[in-house]
Amino acid sequence: MAKNNLNINEIVQHFYDYLKAFILSKVNNKELAEDLVQEVMVKLVESHQKEIEITNVKAWLFKVTRNTIYDYFKSHKLEIDLEENINLFDEIKDSESKLMTTDYIIPMIDLLPEKFSLPLKMSDIENISQKEIAEKLDLGLSATKMRIKRARVQLHQLFIECCVIEYDKNGAFVGCSIRNSCDDLHKITSKLNKLQK
């Protein structure tokens, strides 16, 4: 990717939450996930400044993320045997290949009204407890739970309305494609495709 075509701010804005949620699922520590995703973004900025060509931003970010997680495990001499490491990074590679479908999830959450999208993103993307969300949003715990529940229902409905869901012969989810009628999601994916070129 040529330097003048690379909009760092847009790339960071689009991928930050994905990568943070992904790292959090591996290290199970919010502060550490924040540190590691920022480290990945610093590497992106440094590569941009050095005019390193990046032909596929998504693949590059996941490769750097994979290496950053690996370096963290290695430098802290965590007691994970080799077999576990192999499985962990196989899982990361699988997640990378499935990202095409999950690319839609955060933008679709953003299409919901903010009173629903914000608590849902905090709960399901940032992995914040519902009690903490209630405190941050100055809501009661039952109101917070209700908003998250309603947001999940709305997201599910939006997913069904916007996506043609594909299943394999065993009935397992394979992927999805966007329906022509879903203009808002088409705009989002069009912008994403421009970022990756």
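Here is a short report on the structure shown in this document. (Residues numbered from 1 in each chain as written. Predicted model: local features only at pLDDT ≥ 70, side-chain atom pairs only at ≥ 80, totals over all residues. Heavy atoms only, no water.)

With respect to the packing of aromatic side chains
Then, in step 1: One pass over the structure, following the stated rule, counts 3 aromatic pairs.
Then, in step 2: Residues Phe15 and Tyr18 carry aromatic rings whose centres are separated by 6.3 Å and whose planes lie at 55 degrees to one another, so their mutual orientation is tilted. Placement of both Phe15 and Tyr18 in helix H1 (residues 8-27) is noted, with a separation of 3 residues, approximately one turn of the helix.
Then, in step 3: What makes Tyr18 buried here is its relative accessible area of 8%. (Phe/Tyr/Trp six-rings, centres within 6.5 Å; stacked < 30°, edge-to-face > 60°. Helix = DSSP H or I, 4+ residues; strand = E, 2+ residues; numbered from the N terminus. Buried < 20%, exposed > 50% of the residue type's maximum accessible area, 1.4 Å probe, protein only.)

Thoughts on the side chain of Ser47
Then, in step 1: By secondary structure assignment, the location of Ser47 is in helix H2 (residues 30-49).
Then, in step 2: Here the side chain of Ser47 touches Lys43 through a polar contact of 2.9 Å, landing on its backbone oxygen.
Then, in step 3: The residues contacting Ser47, other than those within four sequence positions of it, are Ile52, Ile54 and Trp60. (Polar contact = N/O pair within 3.5 Å; in protein donor to acceptor, adjacent residues only side chain to side chain. Contact = heavy atoms within 4.5 Å.)

Observations concerning helix H3 (residues 57-75)
Then, in step 1: The end-to-end C-alpha distance of H3, which contains 19 residues, comes to 26 Å, matching closely the 27 Å that a straight helix rising 1.5 Å per residue would cover.
Then, in step 2: Where H3 is concerned, the buried positions are Val57, Lys58, Trp60, Leu61, Phe62, Val64, Thr65, Arg66, Thr68, Ile69, Tyr72 and Phe73. (Expected span 1.5 Å × (residues − 1).)

Here's the deal with the pattern of salt bridges
Then, in step 1: In this structure the tally under the stated criterion is 6 salt bridges.
Then, in step 2: Glu34 serves as the salt-bridge partner of Lys20, at 2.7 Å between the closest nitrogen and oxygen. Of the two residues, Lys20 is situated in helix H1 and Glu34 in helix H2; the sequence distance between them amounts to 14 residues.
Then, in step 3: For Glu34, a relative accessible area of 22% puts it in the partly exposed group. (Salt bridge = Lys/Arg side-chain N within 4 Å of Asp/Glu carboxyl O.)

Purely spatial values, then, with no claim about function.
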